Every structure is written in structure tokens, then in C-alpha cells.
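# Remarks on the overall topology
Spelled out, the chains give:
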Amino acid sequence: MAAPVPGRCGFFVKKKQRFCKMIVAKDKKFCGEHATMDENSSIKRIVCPLDPKHTVCEDKLQKHLKKCNSREKPKPVYYVQDINAGSAEGDEQIQVSLCERSRSQLQSLVDKLKKAVEGLQCDLDDRFLSHPVFEEELHNPKNGESAHKHLKQQSSLLAHMDALGLLGRGRCFVEFGAGKGKLSHWIHEALKTSMACPELKTHDLPKTSDEPKSDDRLQFLLVERSSTRFKVDGKHQETGVQFERLQVDIQHLDLSKVPLLSQQLPLVGVGKHLCGAATDLSLRCLLDTPGLTEEPPSKRQKTSGQCDLAGGGTESSRPGPVLGMAVALCCHHRCEWRHYVGQRFFQQRGLGAEEFEAFSRMSSWATCGLRVKDGMRDEDEHEPAEETDAVNGFLSAGERHQVGRLCKLLIDGGRLHFLQSRGFSGKLTRYISSDVTLENVMLTAVPSTATS
């Protein structure tokens, strides 16, 4: 065993098979975290009551509790516990993996699935588009295979938004599951380019003689529950463009209480690969928040280019109306019945929480077999399916793939039903080739009056 580096801690970390690399104080053998290992030390360290992953000097405990990163922090005004979670009724459903079910039970589920999708009016079209703002970056040799894959997806997403009239100034883009904020970054780049190059048409909101030139305003609200490194939204400092990041779970986000939205710009919801339940939480956050969709139909946008900037509201703090949304779907096996917005859709087909839980697990069959066969790796952006759900010998690989696709289609059908009940026209589209990503379906929605 090699000796510790001079000036570094002498504690050997078994898990990492090396010595601790923390710097020690003068004439000390161990760092503060491992000081208790020194037999001659009078310092007594105890486990932090807020986070057992670290320790603290016993005589400094009270001081530490006031500044510990794991302490409970004041909740922001827009935090409302479980506002988008859905009803907890039936949430106590016992989780049963597919490998624990008998062949007859699995066959019964497949029969129910095929019956449920009969007459389902949500066929998928293939529309692989590309936005011109990505042309230079897509041909940049410095971008590796992974970066190129993400760029192609973002390019198609923006092109679809543009085709629906959602890409323009005078609105606020709410990016759910923002991560580093790359999607918002490219939306901004596309709109900035369109200002410099008028031939790149976008759908800006119309000016009126009695209104200020508010259609030049542009807002980006990035929602991400995790602390993210290498964020790109902090690099945008242009006048008239506002970037704001909220570190909060979508489950607890009340958009009507976000101060940025008091300017009442119309909202456009976007997201690239909203895993599982995050899609349902985003739909409920955007469309079930009081004040966002309460205006009468006559005041909704007739087209993507005709919109009431005031949002039809009478309160100065009321957010603007929802102009539409475009999100890339994935990881249906991570969906949860409580959060699912299509519960009524399932119940109308004689299905409930038990079938939904099984179908969500079976949806992984649409992609897991192909990943193994083709050696594709999507772990950087998709949650892996549980290995216990790999039921060997039940159906052929091709049949399982088809069943997985039907499960995804049924779950997404419930989301389309939810959108329709909220006055929106939704559509499912394969927006990118399966060679780029196996999760290649996007969900778009605009107010029904805009498509009538």
C-alpha cells in the first residue's frame, strides 16, 4: 500500500482504495472529517443530525446547524406542496413486477391492452424537421456523436414549434426539466437570428397603435429540481430578454405565483425528454394552474400570430394565457398513477391503477430490446427500466416490441384526452429518426380554437 501524499489526510478510504485527499492542518495527521481516527486527538466528532453523510465537531454543533447545506430552507412563494401531484386516492397500490406475474396474467394484460387501443385516434406521423439556426453547429466537426445527437433533436423540436406558430417573441417560454438550459438557449438563438435576418420568419405577436412595443420582450423560465453544473442560461445578458431559473420540483410549482409571469406574456411550455411522470406534472402545472386557462374561448388565440397580450385577466399579477406546448416524451416506465393526467381516460376503458402500473412497466419493451441489440446507449438522458421487468420467454422479441409501443400509445392517448378536456388540440409525432434516439415521439398542443 502506498503512503499518503505529504500534507494530505492519512485515512485510507476502503471504498475508493486510496488515501483521503483532504489537506490537513499543521502537525496533524488527519483532516477534520477523519480527526476522530487520531488516538491523540481530543476532538470529538458526531454525525450531523441533518445529514448522516458528514460529521461535525460536537462542541460546534449548534453553529453548524445554522449553516449546514442540508438544513431546511425557507420555501419560495411559488412552492405549494403537491399542487400538481394529482389525487392520492389509489396511490397505495402494491407494486408488482412483471416477472412476478404468471403467463396467464401477462396474456390477460396484453388482451386488455389490445382492446383498449382499438379505435384510438392518435396515429403517429413521421416528420423529421430541422431549423436553420442549427445548420452551422450540425456541421461543426468539434461536436462529437453525443452532442450531434442532441443538436438534431433540438433542431427538430424548434422546427416543429415554428411550424405551429409557437416560436416567436412577445411570450414566455417555460422549459420543464431544463437541465443545463440548452433548449431555451437555442430558442433564444433562433429568435435572435430572426431579428438579424428577417428572411428567417418567426411568429411574433402583432403590434397595435395603443399598446407599447411589448412584443419585443422575451422571457425564459427554466424549471429544474436538481442543482445543475455548466448552465448556459447565465450567459445571456441581452436587453429585453429575461432568463430565470427555478430550482423546484414541478410537482410543487404554482406558476401563478412566479413573479416573472406577472408581466402577462403568453406562455409556451417546452421540454426535451420529460421522463415519465414529469410530463404529467408539467401538463397539470401548465394547464391546471388557476388563472392560466380561465379566460373565455373568445379571448383565446385564433392563430399562433394573434394573441391578447393582457391574457384576458383583470388582476395585475395574473400570468398570461397558454399559447401552446411542445415536449419530447420518454421513459413511460417511470410514470405513476397518482400523477397521471389520463386517469379518466383509463377508467372509461375499464382500466385502473393496477393495469396502468403494469402497462407502464411493459412500455419498456418498446426500447430495451433494441438497445441491447443495437448497442445504443441513452443512459445520459433516459432512466433505465428495471431489470426485473425483463420477462424471458413471453412473446417473441418483435411481439414484445409491438406491445411496448401499444403501451406507450395508450398512456399518451390519455394525455391527449386530458389536453382535449382543457380546450387544447394535441398531436403525437415522431420528430426524429430512431437511429438518433429510440425515444423519438413528441407531444404538441395548441388551443382548439387555433386549429378550427
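Quick look at the overall build of the chain now. Within the chain, the regular secondary structure consists of 11 helices and 12 strands. Sorting the 452 residues of the chain into buried and exposed places 49% on the buried side. Summarising the internal contacts of the chain: among those between residues at least 6 apart in sequence, 72% fall at separations of at least 24. By element, 49% of the accessible surface of the chain is carried by carbon and sulfur atoms, the whole surface being about 23400 Å².

With that settled, the discussion passes to the sheet that holds strand β9 (residues 267-275). Strand order in the open sheet formed by 8 strands is β5-β11-β12-β10-β9-β6-β7-β8, with mixed pairing between adjacent strands. Taken across any chain shown, the strands that pair with only one partner, and hence form the sheet edges, are β5 (125-126) and β8 (241-246). In this sheet, strand β12 (residues 441-447) lies alongside strand β11 (residues 424-430) in antiparallel orientation, the contact comprising 7 bridges. Looking at β12, one finds that arginine 430 is bridged to valine 441. Packing against the sheet, helix α4 (residues 145-163) makes contact with β6 (171-176), β9, β10 (322-330), β11 and β12, and its axis sits at approximately 150° to β9.

Moving on: helix α8 (residues 353-362). Residues spaced three or four apart along an α-helix face the same direction, because each turn holds 3.6 residues. With 9 of its 10 residues buried, α8 lies for the most part within the structure. Within the span of α8, buried status applies to Ala353, Glu355, Phe356, Glu357, Ala358, Phe359, Ser360, Arg361 and Met362.

Two numbers describe how helix α6 (residues 277-287) lies on helix α10 (residues 397-421): the axes approach to 11 Å, and their chain directions differ by 0°. It follows from the interaxial angle that α6 and α10 lie roughly parallel. Touching Thr279, Asp280, Leu283, Arg284 and Leu287 of α6 are Arg415, Phe418 and Leu419, all from α10. Across the contact of α6 with α10, the residue classes tally to 4 nonpolar, 1 polar and 3 charged.

Before going further, it helps to examine the side chain of aspartate 280. If you trace the backbone, aspartate 280 turns up in helix α6. One polar contact links aspartate 280 to arginine 415, side chain to side chain, over a distance of 3.0 Å. Ignoring any residue separated from it by four or fewer positions in sequence, one finds aspartate 280 in contact with Cys335, His339, Tyr340, Val341 and Arg415.

Side-chain pairing between opposite charges can occur once the charged atoms of the two side chains come close. As enumerated under the stated definition, the model contains 16 salt bridges in all. Glutamate 357 is the partner of arginine 101 in a salt bridge, and the nearest nitrogen-oxygen pair spans 3.3 Å. You can see arginine 101 sitting in the loop between α1 (61-67) and α2 (103-116) and its partner glutamate 357 sitting in helix α8, a full 256 residues away along the chain. There is no split in this pair, since arginine 101 and glutamate 357 are both buried. In this structure, glutamate 238 engages lysine 192 in a salt bridge whose closest nitrogen and oxygen atoms are separated by 3.8 Å. Here the residue glutamate 238 occupies a position in the loop between β7 (218-223) and β8, and lysine 192 occupies one in helix α5 (residues 182-196), the gap between them amounting to 46 residues. By relative accessible area, which is 35% here, lysine 192 ends up partly exposed.

Moving on: a positive patch on the surface. A contiguous patch of positive charge on the surface is contributed by Arg8, Lys15, Lys16 and Lys21. Along the chain, lysine 21 turns up in the loop between β2 (18-19) and β3 (45-47).

Conventions used here
Residues numbered from 1 in each chain as written. Predicted model: local features only at pLDDT ≥ 70, side-chain atom pairs only at ≥ 80, totals over all residues. Heavy atoms only, no water. Helix = DSSP H or I, 4+ residues; strand = E, 2+ residues; numbered from the N terminus. Buried < 20%, exposed > 50% of the residue type's maximum accessible area, 1.4 Å probe, protein only. Contact = heavy atoms within 4.5 Å. Areas by Shrake-Rupley, 256 points an atom, 1.4 Å probe, with all protein chains shown as cover. Pairing = 2+ DSSP bridges. Axes fitted to C-alpha atoms, helices over the stretch in contact; angles between N-to-C directions. Parallel < 35°, antiparallel > 145°, perpendicular 65-115°, else oblique. Nonpolar A, V, L, I, M, F, W, Y, C, P; charged D, E, K, R; others polar. Polar contact = N/O pair within 3.5 Å; in protein donor to acceptor, adjacent residues only side chain to side chain. Salt bridge = Lys/Arg side-chain N within 4 Å of Asp/Glu carboxyl O. Patch = residues over 30% accessible without salt bridge, like charges linked within 9 Å, V, L, I, M, F, W, Y side chains within 5 Å. Lys, Arg positive; Asp, Glu negative; His and termini not counted. Charge placed at Lys NZ, Arg CZ, Asp CG, Glu CD.

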